[in-house]
Amino acid sequence: MSSISVAALLEAYRRELQVRRALAEHTVMAYLADTTSLLHFLALDAGEHPGDVEHMSVGELGLDRLTPGQLRAWLSAQQALGAARSSLARRSAAIRSFTAWAHNNGILDTDPGAALGSPKIDNRLPRVLTESQAERLLSYARDLAEDGNRSKIRNWAACELLYGCGLRISEMTGLNLVDIEDPTVIRVLGKGGKERIVPIGAPGRDALAAYLRVRPQFLVEPTDALMLGDRGGRLDPRTFRGILARLATGAGVSAISPHDLRHSAATHMLDGGSDLRTVQEYLGHASLGTTQRYTHVSTDRLRRAFGQAHPRA
């Protein structure tokens, strides 16, 4: 196996992530980027130019002699470059995935990633809007769209989908026309290729209907993608993050991310009396434990309300 090229190795690993594990495209890209970063680090350590790494063989790179110490040195270098704990934890997971796969396929004699720990990360929830703040943001996006501008209408619809349906940004941008054939629900392809059906409320249906009327104005060539960018291709998640930040500023709401809208939706459902199992299905969480994090937010609000209003507080 030492004669296999690094380029062939990365392609085989990409197929493993994309086809066999059916990971989301952004996860595949992140894992491959982290693995490539490690290989570049190893090339530098071996005195080679990192730009030539894909033309090297596994043996030339010394990958078959990879040690836990080299993995820790790579993570330390990432930390020195300013990587946050959450980023280091993700990169550690990505490399453990790669070394386990390489060991199982006979590329590595041992699995050095098995000895690699993961930095503890802060498990606090992202920012959660109050219900009035969420209403202000969505009303602002709707008011902007009243001038008929195609991009403003799309932005309004995207916000309604993120909040009204509790979607991840990758799920929203990954929607296709076939996923909204029933106007009362959306078919969502979540993490690991798991499909779920999410209801869409009246405000979301109105926004989506308005967007579908102007969607042809975006088209450069035929595409099944639902949410389109200004150049006619599928809307890019990074582009929409910037759009949402500007909408939040205009609405007078603190800076938020698309994921904050999803967390806000889940929290507001629990505040409104929904049970955890329903919220779990709504968000597409594999584990109920992940969903339970939102109960802390709701409990904190209950305590504050009790402290302010109850005579025995």
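For the structure, check the block above.
Description of the structure in this document. (Residues numbered from 1 in each chain as written. Predicted model: local features only at pLDDT ≥ 70, side-chain atom pairs only at ≥ 80, totals over all residues. Heavy atoms only, no water.)

Observations concerning the pattern of salt bridges
Right, on to step 1. According to the stated counting rule, one finds 13 salt bridges in the structure shown.
Right, on to step 2. In this structure, Arg-21 and Glu-16 form a salt bridge, with 2.9 Å as the shortest nitrogen-oxygen distance.
Right, on to step 3. Judged by its relative accessible area of 10%, Glu-16 falls in the buried class.
Right, on to step 4. We note a salt bridge from Lys-152 to Asp-147, for which the minimum N-O separation is 2.8 Å. (Salt bridge = Lys/Arg side-chain N within 4 Å of Asp/Glu carboxyl O. Buried < 20%, exposed > 50% of the residue type's maximum accessible area, 1.4 Å probe, protein only.)

Some details on the packing of helix H7 (residues 150–164) against helix H10 (residues 237–251)
Right, on to step 1. As a packed pair, H7 and H10 sit with axes 11 Å apart at the nearest point and diverge in direction by 95°. When the axis of H7 is compared with that of H10, the two are roughly perpendicular. Counted together, Arg-154, Asn-155, Ala-158, Cys-159 and Leu-162 of H7 and Phe-240, Ile-243, Leu-244 and Leu-247 of H10 form the full contact between these two elements. (Axes fitted to C-alpha atoms, helices over the stretch in contact; angles between N-to-C directions. Helix = DSSP H or I, 4+ residues; strand = E, 2+ residues; numbered from the N terminus. Parallel < 35°, antiparallel > 145°, perpendicular 65-115°, else oblique. Contact = heavy atoms within 4.5 Å.)

Concerning the layout of surface pockets
Right, on to step 1. In this structure, the second largest pocket occupies an estimated 240 Å³ of space.
Right, on to step 2. Together, 14 residues line the second largest pocket, and Glu-135, Leu-138, Glu-160, Pro-203 and Gly-204 are the ones closest to its centre.
Right, on to step 3. For the lining of the second largest pocket, the secondary-structure elements that each account for two or more residues are helix H6 (131–145), H7 and helix H9 (202–214).
Right, on to step 4. Class assignment for the residues of the lining of the second largest pocket results in 6 nonpolar, 4 polar and 4 charged. (1 Å grid on protein atoms, 1.4 Å probe; cavity = no way out; pocket = protein on both sides within 12 Å on 5 of 7 lines; lining within 4 Å. Points joined across faces, edges and corners; volume = space filled by probe spheres on them. Nonpolar A, V, L, I, M, F, W, Y, C, P; charged D, E, K, R; others polar.)

Some remarks on the environment of Gln-133
Right, on to step 1. Following the sequence through the fold, Gln-133 ends up in helix H6.
Right, on to step 2. Through-space distance from the C-alpha of Gln-133 to that of Ala-248 is 9.5 Å; in sequence the pair is 115 residues apart.
Right, on to step 3. The contacts of Gln-133, once residues within four sequence positions are left out, are Val-128 and Val-253.

Notes on the side chain of Thr-173
Right, on to step 1. Its place among the elements puts Thr-173 in helix H8 (residues 169–173).
Right, on to step 2. Here the side chain of Thr-173 touches Ser-170 through a polar contact of 3.4 Å, landing on its backbone oxygen.
Right, on to step 3. Beyond its immediate stretch of four places on either side in the chain, Thr-173 contacts Arg-234, Leu-235, Asp-236 and Pro-237. (Polar contact = N/O pair within 3.5 Å; in protein donor to acceptor, adjacent residues only side chain to side chain.)

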